[in-house]
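# Structural description and commentary
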Amino acid sequence: MKSKRMTMTEIANLVGVSQATVSRAINQPEKVKPEVKEKIQYFIDKYKFIPNENAKTMRGVGSKILGFIAFSFSNYYYLDMIKYAENLAREKGYSLLIMNSEKDSKLESDHIKMMLARNVEGILITPVDEKNLNFLESTNVPFVALNDSFPGHNYVTTSLINGGEIACQHLIDQGHKNIGYIGGDYKQYNPKLDGVKKKLKEYNLNFKSEFFIKVDTITLSENDIEIILKQKKLSCTAYIASNDEVACLFMKKINEFGYKIPEDIALVGFDNTIVSKLLNITSITQPTEAMIKAGIDFVLSKESIKKTLQLSPGIEIRNSSLK
């Protein structure tokens, strides 16, 4: 059962000092005796106390602010999410506080604490680290994870396995049998790749280890692709990228090595962002607006029962995958 958020007055009573002393220990620690500061810090850590910046002016009144913590602003997919979140929140009378975790777990954790300090009424998050979701569960603030499945938490996602299947089916329909995948660590759980393998198996086609091109999806380094292209020819006639950013990177590098899309290599991206639209790349579409709407409804319902929703993807076919 979630406990009520601890107040500064309650911390002061536990230590046996005034509320002003606790405030000074947090904001001007050099003005507080070390032994007193140590006692205050002990109870702050024990009860996960987070100062409420709005308490002075909004005591007992909802802030009418929702928080949105994005995985990365470098991926246009998350910018699309933010656009819909801001519009839908505004329609419901809420402002949206937006922060970028930059694919960093520690920064994500800091942003969560900052949002709690701003007294947000709910948080939408595209998580970097599930540990941060576990921390949110220990607070009294409703939240929803977006864009992936997180058992034990509220989440709204698109069926990424189904997205992998749709991308693979399209390429099979174009006559391809050797279909590769470009993305993160091959050994980690990857629902998009699982969908690709599942569809290939239906056609008695194999996914060989050499069909996988590992790309650091955090740094988006070109080195991984370049090393493979220098060592040998590509093993497949078609590739599915884990997102449109990766698809763009792959297209750039193979063009440098003389391959042409779609004449030599067919390419399918994921998320149908402005990147795939501008570069004419076939891409898996996600019902982003519906995902955000459901996420906001989950948060504002403030129900204790866990809610989950999985939406269906589609595909926007463009020149990059057509023969």
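Each value, and the rule that gives it
- Residues numbered from 1 in each chain as written.
- Predicted model: local features only at pLDDT ≥ 70, side-chain atom pairs only at ≥ 80, totals over all residues.
- Heavy atoms only, no water.
- Helix = DSSP H or I, 4+ residues; strand = E, 2+ residues; numbered from the N terminus.
- Buried < 20%, exposed > 50% of the residue type's maximum accessible area, 1.4 Å probe, protein only.
- Contact = heavy atoms within 4.5 Å.
- Areas by Shrake-Rupley, 256 points an atom, 1.4 Å probe, with all protein chains shown as cover.
- Lys, Arg positive; Asp, Glu negative; His and termini not counted.
- Charge placed at Lys NZ, Arg CZ, Asp CG, Glu CD.
- pLDDT = per-residue confidence, 0-100.
- Pairing = 2+ DSSP bridges.
- Axes fitted to C-alpha atoms, helices over the stretch in contact; angles between N-to-C directions.

### Re the overall build of the protein chain
Counting secondary structure elements, the protein chain contains 13 helices and 12 strands. When the 323 residues of the protein chain are sorted by exposure, 49% land in the buried category. For the protein chain, the share of sequence-separated contacts (at least 6 apart) that also reach a separation of at least 24 residues comes to 69%. Surface exposure of the protein chain reaches about 16,200 Å², of which carbon and sulfur atoms provide 49%. Averaging the positions of the 43 positive and the 38 negative side-chain charges in the protein chain gives two centres separated by 4 Å.

### Looking at the confidence of the model for the protein chain
If pLDDT is low for a region, its predicted coordinates should not be looked at in detail. Summarising the model, the protein chain shows a mean pLDDT of 89, and 94% of its residues fall at 70 or more. Note on residues 56–60: pLDDT under 50 across the span, and 2 contacts to partners over four residues away in sequence or across chains.

### Section: the sheet that holds strand E5 (residues 155–158)
Pairing is parallel in the open sheet, where 6 strands are placed in the order E2-E1-E3-E4-E5-E11. With partners counted over all chains shown, the strands left at the sheet margins are strand E2 (95–100) and strand E11 (308–311), one partner each. Neighbour-to-neighbour, the strand axes of the sheet open up by a mean angle of 15°, direction not taken into account. Sheet analysis places strand E4 (residues 143–146) next to E5, joined by 2 bridges and oriented parallel. If you follow Leu-146 over to E5, its bridge partner there is Val-156. Of the strands in this sheet, strand E3 (122–125) and E4 touch helix H7 (residues 130–137), which is tilted by about 165° from E4.

### Examining the sheet that holds strand E9 (residues 266–270)
The 6 strands are arranged E7-E6-E8-E9-E10-E12 in an open sheet whose pairing can be described as mixed. One side of each edge strand has no neighbouring strand; the edge strands of this open sheet are strand E7 (212–214) and strand E12 (314–316). Sheet twist, expressed as the mean angle between neighbouring strand axes with direction ignored, is 20°. Examined bridge by bridge, strand E6 (residues 179–183) and strand E8 (residues 238–241) share 4 bridges and lie parallel to one another. Each residue of the ladder has a partner; that of Gly-180, found in E8, is Tyr-239.

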